[in-house]
Amino acid sequence: AVIALAYEAGELDTAKALIPLLERHVKGPDEMNTQEQAQVLKAASLMLAQAGPLSIKGENVKALDGKSSLQRFQIAAVKDAKFTNQGKGAVWRTITVTGVPVAPPPAEARGYTIDKAYYTLQGQRIDPSQIVQGQKVLVVISGRTNYAETRPIVVDDALPAGFEIEMTLSRDDAQNGPFRFVGDLSQPDVQEARDDRYVAALDVSANSGFAMAYVARAVTPGDYYLPGVEVKDLYRHDLYARTAGGRLTVAPR
């Protein structure tokens, strides 16, 4: 933030003197909270503007034509690729690797605990591995934080392929009507039934815990991966929990 302010104020020497400090102490992208990410992005944009046009020479790579000012390369083998900065300013690099895990991620708990249970709409607990097409299931998510202070969290429950959410439950739904067996539910600040997942955001403390529920329906027969549910601290990426993934089969009716 101070680097960005220095550039905006025209104090170039001050900004440049602080850059080595940022390089030594900046966290990885997954370790920064949203405020830190925003300030680093703002500083980086001003640093790039001051550095001038980007000019990268690539060896053992194929340059791709683009209409934007960005340079793009196609790489056959990462170990053979070489890049040289031919511009006037410094260049920072970030390497991002994406892929599909060989095995499902195991259950884990760091500062939070979380659990997911499946019920019929009449309240009987069921094994989600065997479902019939058209069947509706009630998914109940619950957990706690190990911290006494109030923490903002996001609960993210990805749906298995072949499922869709019918409705989300409110606290009133669990206190009256056919879903009273669920027990007390939290009142999220945000609760969304998306096409591929259930998402909720709320504040929790060790004194209250959290619980939410939704109704999903199996629409397409098949054998699918059953993702685990995750809870993440909004500002501390090292605090989270998830349940283990599994498999489920939706049998044709």
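Residues numbered from 1 in each chain as written. Predicted model: local features only at pLDDT ≥ 70, side-chain atom pairs only at ≥ 80, totals over all residues. Heavy atoms only, no water.

Enquirer: What am I meant to see in the overall build of the protein chain here?
Expert: Counting its regular elements, the protein chain contains four helices and 17 strands. On C-alpha atoms alone, the protein chain measures out to a radius of gyration of 24 Å, which is more than a quarter above the 18 Å that the 2.2 N^0.38 rule sets for 253 residues. In terms of overall dimensions, the protein chain has a C-alpha envelope of 70 × 45 × 30 Å along the principal axes. Counting over 253 residues, the protein chain shows a buried share of 31%. Intrachain contacts of the protein chain at a sequence separation of at least 6 include 69% that bridge at least 24 residues. Accessible area for the protein chain stands at about 15700 Å²; split by element, carbon and sulfur atoms hold 52% of it. Positive and negative charge centroids in the protein chain, built from 28 and 30 side chains respectively, lie 6 Å apart. (Helix = DSSP H or I, 4+ residues; strand = E, 2+ residues; numbered from the N terminus. Rg over C-alpha atoms; globule rule 2.2 N^0.38 Å. Buried < 20%, exposed > 50% of the residue type's maximum accessible area, 1.4 Å probe, protein only. Contact = heavy atoms within 4.5 Å. Areas by Shrake-Rupley, 256 points an atom, 1.4 Å probe, with all protein chains shown as cover. Lys, Arg positive; Asp, Glu negative; His and termini not counted. Charge placed at Lys NZ, Arg CZ, Asp CG, Glu CD.)

Enquirer: Just to check I follow, could you spell out the sheet that holds strand β8 (residues 136–145) for this structure?
Expert: Strand order in the open sheet formed by four strands is β6-β8-β13-β10, and the pairing between neighbours is antiparallel. A single partner strand is all that each edge strand has here, and the edge strands are β6 (112–119) and β10 (163–168). Recorded for the sheet is a direction-independent mean angle of 30° between the axes of neighbouring strands. Strand direction decides the pairing type here: β8 and strand β13 (residues 210–218), joined by eight bridges, are antiparallel. Following the sheet pairing, Val137 is matched in β13 by Ala216. (Pairing = 2+ DSSP bridges. Axes fitted to C-alpha atoms, helices over the stretch in contact; angles between N-to-C directions.)

Enquirer: Teacher, can you tell me more about the sheet that holds strand β17 (residues 246–251) here?
Expert: Adjacent strands of a sheet form backbone hydrogen bonds with each other and so pair up, either parallel or antiparallel. Taken together, the three strands give an open sheet; going across it, the order is β7-β17-β14, and neighbouring strands pair in mixed fashion. Looking at which strands have only one partner, the edges of the open sheet turn out to be β7 (130–132) and β14 (222–226). In this sheet, adjacent strand axes meet at a mean angle of 30° when their direction is disregarded. As defined by bridge partners, β7 adjoins β17 across three bridges and the pair is classed as parallel.

Enquirer: Looking at this model, I keep getting lost on the side chain of Thr243. Mind explaining?
Expert: Note that Thr243 resides in the loop between β16 (240–242) and β17. For Thr243, a relative accessible area of 16% corresponds to the buried category. At 2.9 Å, the side chain of Thr243 forms a polar contact with the backbone nitrogen of Val229. Not counting chain neighbours up to four residues away, the residues in contact with Thr243 comprise Ala107, Ile114, Asp115, Lys116, Gly228 and Val229. (Polar contact = N/O pair within 3.5 Å; in protein donor to acceptor, adjacent residues only side chain to side chain.)

Enquirer: How should the pattern of salt bridges be read in this particular structure?
Expert: Opposite charge on two side chains permits them to pair, given that their charged atoms come into close proximity. Following the criterion strictly, the structure yields 18 salt bridges and no others. The partner of Lys79 in a salt bridge is Asp80, with the nearest N and O atoms 3.3 Å apart. Judged by relative accessible area, which is 73%, Lys79 ranks as exposed. In this structure, Asp156 and Arg197 form a salt bridge, with 2.8 Å as the shortest nitrogen-oxygen distance. Highlighted residues: Asp156 in strand β9 (residues 151–158) and Arg197 in strand β12 (residues 197–204), separated in sequence by 41 residues. Note on Arg197: relative accessible area 22%, which makes it partly exposed. Salt bridges sharing common partners tie together Lys136, Glu164, Glu166 and Arg217. (Salt bridge = Lys/Arg side-chain N within 4 Å of Asp/Glu carboxyl O.)

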